[in-house]
Structure formats: C-alpha cells, structure tokens
Amino acid sequence: MEKQKSMDASFFGQPRGLSTLFFTEMWERFSYYGMRAILLFYMYYAVSQGGLGMNQATAASIMSIYGSLVYLSGVVGGWLSDRVWGARKTVFIGGVLIMFGHIALSLPFGLPALYASIVLIVAGTGLLKPNVSDMVGSLYDEGDKRRDAGFSMFVFGINLGAAVAPWAVPWAANGFGFHLFGSTMNFHAGFSLAAIGMFFGLIQYWLDGKKYLSKDSLYPNDPIDREGLKPIITWTVVGVIVLAVVLGLFGAMGQLNITNVINIITIIAIALPIIYFIMMLNSKKVTKVERSRVIAYIPLFIAAAIFWGIEESGSVVLALFAEQRTILHIGGWHFAAGNFQTLNPLFIMILTPFFVWLWSKWKRQPSAPGKFAAGMVIAGLSYMWMALPGIIHGTTAGRVSPLWLVGSWFIVEIAEMLISPIGLSVTTKLAPKAFQSQMMSMWFLADSAGQAVNAQIVKYYSSATEIPYFLIVGTVSVIFGAIMFFMVKKIHNLMGGID
Ligand code: GLU
Ligand code: ASP
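Calculation rules
Residues numbered from 1 in each chain as written. Chains lettered and ligands numbered in written order. Predicted model: local features only at pLDDT ≥ 70, side-chain atom pairs only at ≥ 80, totals over all residues. Heavy atoms only, no water. Helix = DSSP H or I, 4+ residues; strand = E, 2+ residues; numbered from the N terminus. Rg over C-alpha atoms; globule rule 2.2 N^0.38 Å. Buried < 20%, exposed > 50% of the residue type's maximum accessible area, 1.4 Å probe, protein only. Contact = heavy atoms within 4.5 Å. Areas by Shrake-Rupley, 256 points an atom, 1.4 Å probe, with all protein chains shown as cover. Lys, Arg positive; Asp, Glu negative; His and termini not counted. Charge placed at Lys NZ, Arg CZ, Asp CG, Glu CD. Expected span 1.5 Å × (residues − 1). Near = heavy atom within 4 Å. Polar contact = N/O pair within 3.5 Å; in protein donor to acceptor, adjacent residues only side chain to side chain. Nonpolar A, V, L, I, M, F, W, Y, C, P; charged D, E, K, R; others polar. Salt bridge = Lys/Arg side-chain N within 4 Å of Asp/Glu carboxyl O. Patch = residues over 30% accessible without salt bridge, like charges linked within 9 Å, V, L, I, M, F, W, Y side chains within 5 Å. Axes fitted to C-alpha atoms, helices over the stretch in contact; angles between N-to-C directions. Parallel < 35°, antiparallel > 145°, perpendicular 65-115°, else oblique. Left-handed = near helix turned anticlockwise from the far one by under 90°.

Draft legend 1. Quick peek at the overall build of the chain. When its secondary structure is counted, the chain shows 18 helices and 2 strands. Taking 2.2 N^0.38 as the reference for a compact globule, 499 residues should give roughly 23 Å; the C-alpha atoms of the chain span a radius of gyration of 22 Å, in line with that estimate. A buried classification covers 53% of the 499 residues belonging to the chain. Residue pairs at least 24 apart in sequence account for 80% of intrachain contacts in the chain once pairs closer than 6 positions are excluded. On the chain, roughly 22300 Å² of surface is accessible, and the fraction owed to carbon and sulfur atoms is 71%. For the chain, the distance from the average site of its 33 positive side-chain charges to the average site of its 24 negative ones is 4 Å.

Here it is, written out as structure tokens:
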C-alpha cells in the first residue's frame, strides 16, 4: 500500500488522486465565490432591480456572518469525518448539500430561499472543505517530499475556481451578454450557474474518486464507539437546549431579529477558539513543549483573525466600493462590480511562484511570527490606501478609477502570501499530537472570528464613512502588526524549535 502511494506520479509528478481533489475543490470554490460575487447585490438591490430590497448595512453584515459560519462549521465536519463517516463520504455529502444550497437560490423564493441556502451551504462547506484538504495530505506517505508542492497545486485549484467564477456568475446574472433580462439582473440565473459548477465537481469526484482515492478514506480514522458517543449526545442536547432557550428568550422579548441572531453568532465564533485554547492548555495529553507551542499560537491566531477580517471584507466592503464608487469601464471595455472579486485569486496565482522562489532562496528569512507581523502591517496599508481616493478628490461622492481597487487587492494579496501558506504549515507544526486535526479546524476558526468581527463593523461602512472606516480599521491592523514585531523573538522562543 505504502509503496503504491509514493510510486504513483501520474498527475504532473503527483499522485493521480490529487487531480480528483484539485478539480473537486476548484468547482466547489467556483460555486462559493461565484455566489458571493453577486449575493451582496442580490440582497440589497431593490425588488424592481431583481434584488431582495434589504437594507445595505444588514446585507453587508449577513455577508460577513455567513462567511464566518462557513468556516465555523468545519469543526463539526472534521469531527464527523474522523469519527463517523470517513473523509470520502463526508466530502460527498457536503458537496450535495452545497449544490442544493445554490439550487435554492436559483429559485424565485426570496428570503426563505436565501436562509435555506445559507443553512445548506454552511453545513455543506463544513463537511467538504476541511476534509478535502485533509485528503490531500493523506495522498502522501510521511516524508514524501512532494507534499508541499502538492498542497501548492491544490491551492492553485482553489484560486483558479475563485478567479473564473466572478466572471462567469455575474455574466449569467446579466443575461449571458445578450441582455436577456433587459436592464435588470436575473440573480437566479447566476446562482444556477453556481449550482451547475458544484454538480460538475460532484460528478467528477464520484467517477474519478472511485478509481483514484484510497480505500482508507472510506472509513473514519478514529471510529466512535457507544461509550464515546454518550457524552457527545449529552453535550449536543445541552447545546441545542441552551440555544433554544436563548432564542426563545429573545423571541419572548420580541427581540428575535436578524441583528440579534448575528450578534449571537459573533459571540460563538469568538468564544469557540478561546474555549479550544483553554482546553488544549489544560489537557493532560499535552506535553510541556507542546503547551508552550500552543501559547505561541495565540498571537499568531489573533494576527490571522485580523488579517482575514481585512481580506474577507473584499467581498463586502470593497464590493460596495466597486458598485458605488468605481468607474465600471476602461475605455470601451465595460465590466460588472462583481467582476472585481477575481482580483484576489488572480493576484494569488501571480504572486505564489515569486514567493515560493523567495522562501527557497532567502537564507536568513524571518520566522513565521515575523512574516505574520509584516502581513498585518501590509493588510492595514491596503485599507489605508482605500482612504486615498476620497482624501485626494476631496469628496466621497462620484466615481474613481478602478485602479484604486486593483492596487488595494494587490497590496492585501502580498499580505496573504505572508500569512496564509505560512499559517497553514505552522499550524500543523505547532499542533499538539492529541489535537492534530482539531488544530487544522483552529486555523479556519481564525478566518471565522475575523469575519464575525466584520459582521459587527461593516454596518458602519458607506460611501459617506469610507475615509474614517478605512483609516481606523487599517490603523488597527498596522498597530497590531507593529506590536507583534516587538514580540517576534519571544513568540519564536515559545515555539520550541519550530521556525
Ligand atoms: N480563500 C481561502 C479559501 O477559500 C480562505 C480559506 C482560509 O481561511 O484559509 O480556501
Ligand atoms: N484568497 C481566497 C482563498 O485563498 C480566494 C478568494 O477570496 O477569492 O482561496
């Protein structure tokens, strides 16, 4: 079995199974980012324009809390795969739920369809995303030198899907270039394309997976027995009851509204990683060195959360800026506001080879905490940059060059290069043995926490407030980055020999 793994090199020198996972995740990300490229506009556009006519601040807040939930649910998805279904089945079930989520939005059922779709996609992504990444890891034997390159190719697949979708999905919503829907948009046509994308992903996964994914992935790593199940059931029941009581109380007070639901989720998304840290630090299964590494992970986690907060606001705050403040053509070439979402993954694809080269050549390169500190400063600058058009023109009314957004995304993607791949690898290295797979979920929880905070602050963003908004949030990130620079040595020492 082991021999086979290291001998299979039929996909650009990588195991053939990587191709299956590459295309599955490419299509899943296509559907996710395609949907997000138009969702914000769908929510706040007037009904006469094909939208739901929501208030803009609420729509922005929903975008962020939705993003937060999608990465929060990975905790459950990872657990179900490890202990109940095995990765193969979990990913498939997740993909099916995601597809139905997009189908819900493709139907003209307004708000109920939106909420149903959010529930389906949050659950589906939680099942699919962490486990498809985990399966990439298990394509390789321990010590197989191709692992890092394999992950880079996988990340390329993510960004390929994410780069194409913001062209394809808004194009469908705008009538496939034929103005099929007159001057209004048909968002449902766009969401249908997202559903079709996920459908392709599933077919490919099903047919190819049978041939090229290992049989091991059909079984849970650590199957749960009756005894183990008891406390889980108890805690789930307790959790559901607590949630029902809290929601019931809000309902009884006439306060069960979308704002309060968002507030509750924000609290959960911030509390969960704190509980995880406390649990790991107090666990008897964690050795002394491991405990010190977990402590080192705390500032890295906070830095990642701040970074993801800024990065993920690209589909919310920068999307609003694209729609309301940006000239949507260059010469005779016209584009849609949603098309700007392509810039993030595009810059990742362009910058990755440069950074791979840089890290391989730079002998005395900074350690992970140093890179994180720089990443936070740079992410903050990408925001401060966005305050400039309003300051330079002396007004935040009217439209400015699309190059402002291009510049901001370019800057934030440099930061992403310093945080995302470094963070993924350092997370696996700092993980205590007994918490190996949970630690991977922790990494996604940083993104989730960042977006949970966004859900509270994006409400204050509008053209009228853009200058202070970009300056304040940008400065916070720069200040945290600067503080972290002074702590680099300390954190590095706590990492117990890991770079
Ligand atoms: N853009 C990344 C993805 O979609 C974000 C995930 C992360 O938080 O690492 O895979
Ligand atoms: N940067 C995101 C991720 O790494 C992609 C996106 O936001 O479009 O995949």
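Let's pick the thread back up.
Draft legend 2. Seen up close, helix α4 (residues 74-85). In this model α4 runs just 14 Å from its N-terminal to its C-terminal C-alpha over 12 residues, more than 12% under the 16 Å that 1.5 Å per residue would give. When α4 is considered as a whole, its buried residues turn out to be Gly-74, Val-75, Gly-77, Gly-78, Leu-80, Ser-81 and Asp-82. Just past α4, the residue Gly-86 takes up positive phi, approximately 80 degrees.

Draft legend 3. Representation of the site of ligand 2 within the structure. Around ligand 2, the surrounding shell consists of Tyr-33, Ile-158, Asn-159, Ala-162, Glu-311, Asn-344, Pro-345, Ile-348 and Glu-416. Here Glu-311 contributes a side-chain N or O atom positioned 2.9 Å from a nitrogen atom of ligand 2. Here Glu-416 contributes a side-chain N or O atom positioned 3.0 Å from a nitrogen atom of ligand 2. Here ligand 2 has 270 Å² of accessible area as a free molecule, and 86% of this is covered by the chains. At the level of elements, α7 (147-173) and α14 (343-361) are the ones that each hand at least two residues to the shell around ligand 2. The residue makeup of the shell around ligand 2, split by class, is 5 nonpolar, 2 polar and 2 charged.

Draft legend 4. View of the side chain of Asp-82. Within the element layout of this structure, Asp-82 appears in helix α4. The buried charged residue Asp-82 lacks any salt bridge, with Arg-83 as its nearest oppositely charged partner at 6.8 Å. Discounting residues that sit within four places of it in the chain, Asp-82 has contacts with Pro-220, Asn-221, Asp-222, Pro-223 and Ser-437.

Draft legend 5. View of the site of ligand 1. Neighbouring residues of ligand 1: Arg-29, Tyr-33, Tyr-71, Lys-129, Ile-158, Trp-308, Trp-443, Phe-444 and Asp-447. Between ligand 1 and the protein, one listed contact pairs an oxygen atom with a side-chain N or O atom of Asp-447 at 2.7 Å. Notes on ligand 1: free accessible area 300 Å², of which the protein chains cover 89%. Here the element with the most residues in the shell around ligand 1 is helix α17 (residues 436-457); it accounts for 3 residues. Of the residues belonging to the shell around ligand 1, the class tally is 6 nonpolar, no polar and 3 charged.

Draft legend 6. Structural context of a nonpolar patch on the surface. On the surface, a cluster of nonpolar side chains totalling about 700 Å² of accessible area is made up of Leu-229, Ile-232, Ile-233, Val-237, Ile-241, Val-245, Leu-249 and Met-253. Relative to the assigned elements, Ile-233 resides in helix α10 (residues 226-252). For Ile-233, a relative accessible area of 48% translates into the label partly exposed.

Draft legend 7. Structural context of the packing of helix α5 (residues 87-106) against helix α6 (residues 110-137). Between α5 and α6, whose axes approach to 7 Å, the crossing angle comes to 150 degrees. For the element pair α5 / α6, the angle class is roughly antiparallel. The two elements α5 and α6 cross, and the hand of that crossing is left-handed. Residue classes in the contact of α5 with α6 are distributed as 17 nonpolar, 9 polar and 1 charged.

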